[in-house]
Amino acid sequence: MKLTNTQHPPKKTWIKICGFTQIENARECADFGPDAIGLVFFEKSPRNISIEQAAKITAILPKSVMPVGVFVDKSHKEIMHIVHKCNLKGVQLHGNESPDLVDKLTKENLVVIKALFAQKAPYLDQAAHYDKASYFLIEYGKGILPGGNAESWDYEIASQLETNTPIILAGGLDPDTVANAVRKAKPTGVDVSSGVEKTHGIKDVEKVKSFINQINAL
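Note that this is a predicted model, so its numbers are computed, not measured.

Peer 1: So what's going on with the nonpolar core? Residues and values would help.
Peer 2: Residues Leu39, Phe41, Leu105, Ile138, Leu169, Val190 and Phe211 are the most contacted members of the largest nonpolar core, which totals 54 residues. If we skip the residues at most four places from it in the chain, Val190 touches Thr13, Trp14, Ile15, Lys16, Ile168, Leu169, Leu173, Val178, Val182, Phe211 and Ile215.

Structure, rendered in structure tokens:
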């Protein structure tokens with residue numbers, strides 16, 4: 001499913017809260033109306049979740065909240081196994097996956113988010129190779145883990161990417177920084193994890209509420 005800016009929902013900015021590990025925590029945060037929540041299937045991540053726990057979380061989400069699995073350099077077979085077990089509606093590819101894998105997953109009727117980076121491969125200038133992606137998630141790419149590593153960066157770089165694919169902004173976002181970042185980058189969506197956490201994998205409900213309110217007030 002290819003989304004374009006003209007097909008974007010009426011809400012100004014699409015919001016994904018990523019890295020949940022607990023059922024009740026996900027339920028509470030879903031009540032604030034994010035568009036998607038992310039579940040990380042990457043063994044080296046402090047937010048890594050089991051298939052069994054992820055399936056329990058997706059089962060309690062309202063239909064308005066899309067469950068997205070986050071993967072790093074997994075095969076089509078591995079990803080689809082988890083998609084079916086957990087009833088995922090979207091996948092986020094946060095490694096150096098091939099354009100062919102993006103194409104295959106798109107044909108599975110999934111929303112496919114492909115991460116591109118300013119400072120490591122796949123670089124922003126490789127966007128054209130992944131033109132079947134539903135969204136591009138744009139991060140700086142500095143740090144040990146594949147994600148944003150809570151590092152703020154020059155968000156205007158994302159606005160300079162020439163593509164018809166909607167852009168999700170990530171990296172260093174929190175309730176205090178997100179409004180300014182959205183003004184600079186003008187993304188279709190935003191993605192946050194550590195910026196709204198109490199500890200790895202457990203979200204601070206008030207921070208999630210504030211984060212969403214800051215965006216919706218723009």
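Peer 1: Account for unusual backbone geometry, with residues named and values stated.
Peer 2: Leaving glycine out, the prevailing phi sign among residues is negative, and the prevailing peptide bond configuration is trans. In the segment running from Ala121 into Pro122, the intervening peptide bond is cis, with an omega of -10°. One non-glycine residue with positive phi stands out, namely Lys186, at about 50°. Judged by relative accessible area, Lys186 falls into the exposed class, the value being 66%.

Peer 1: So what's going on with the sheet that holds strand E5 (residues 111-117)? Which residues, and what values?
Peer 2: In space, the eight strands of this closed barrel follow the order E1-E2-E3-E4-E5-E6-E7-E8, with parallel pairing throughout. The sheet shows a mean angle of 25° between the axes of neighbouring strands, taken without regard to direction. Alignment of strand E2 (residues 36-40) against strand E3 (residues 66-71), held across five bridges, turns out to be parallel. Following the sheet pairing, Val40 is matched in E3 by Val70.

Peer 1: Describe in detail the pairing of strand E4 (residues 90-93), supporting the description with residues and values.
Peer 2: Taking every second residue as pointing to the same face, both faces of E4 are buried, with Gly90 and Gln92 on one and Val91 and Leu93 on the other. Note that E3 and E4 share four bridges and pair parallel. Opposite Phe71, over in E4, you have Leu93 as the bridge partner. Between E3 and its parallel partner E4, the chain crosses via helix H3 (residues 76-86), and the hand of that crossover is right-handed. Here four bridges tie E4 to E5, and the two strands are oriented parallel to one another. Bridge pairing in E5 links Val91 to Val112.

Peer 1: Could you give an account of the packing of helix H2 (residues 51-60) against H3, with specific residues and numbers?
Peer 2: H3 packs onto H2 with a crossing angle of 45° between their chain directions and a minimal axis gap of 8 Å. One element, H2, and the other, H3, form an angle in the oblique class. Packed against H2, whose contacting residues are Ile51, Ala54, Ala55 and Thr58, the element H3 presents His81, Ile82, Lys85 and Cys86 at the interface. In terms of residue class, the contact of H2 with H3 is built from five nonpolar, two polar and one charged.

Peer 1: So, the packing of aromatic side chains: which residues are in play, and what are the values?
Peer 2: By convention here, two paired aromatic rings are described through the distance between centres and the angle between planes. Inspection of the entire model under this criterion finds two aromatic pairs. Here Phe41 and Phe71 contribute two aromatic rings whose centre-to-centre distance is 5.4 Å and whose plane-to-plane angle is 15°, an arrangement assigned as stacked. Here the residue Phe41 occupies a position in the loop between E2 and H2, and Phe71 occupies one in strand E3, the gap between them amounting to 30 residues. The exposure classification of Phe41 matches that of Phe71, with both residues buried. One cation-aromatic arrangement involves Lys114 over Tyr130; the distance from NZ or CZ to the ring centre is 5.4 Å. A cation over a ring is seen here: Lys203 above Phe20, with NZ or CZ 5.7 Å from the ring centre.

Peer 1: Describe the side chain of His94, with residues and values.
Peer 2: For His94, the position within the fold is in the loop between E4 and helix H4 (99-106). One polar contact links His94 to Glu139, side chain to side chain, over a distance of 3.0 Å.

Criteria and cut-off values
- Residues numbered from 1 in each chain as written.
- Predicted model: local features only at pLDDT ≥ 70, side-chain atom pairs only at ≥ 80, totals over all residues.
- Heavy atoms only, no water.
- Core = buried A, V, L, I, M, F, W, Y, C linked by side-chain atoms within 4.5 Å.
- Buried < 20%, exposed > 50% of the residue type's maximum accessible area, 1.4 Å probe, protein only.
- Contact = heavy atoms within 4.5 Å.
- Pairing = 2+ DSSP bridges.
- Helix = DSSP H or I, 4+ residues; strand = E, 2+ residues; numbered from the N terminus.
- Axes fitted to C-alpha atoms, helices over the stretch in contact; angles between N-to-C directions.
- Right-handed = clockwise from strand over helix to strand, strands pointing away.
- Parallel < 35°, antiparallel > 145°, perpendicular 65-115°, else oblique.
- Nonpolar A, V, L, I, M, F, W, Y, C, P; charged D, E, K, R; others polar.
- Phe/Tyr/Trp six-rings, centres within 6.5 Å; stacked < 30°, edge-to-face > 60°.
- Lys NZ or Arg CZ within 6 Å of the ring centre and 35° of its normal.
- Polar contact = N/O pair within 3.5 Å; in protein donor to acceptor, adjacent residues only side chain to side chain.

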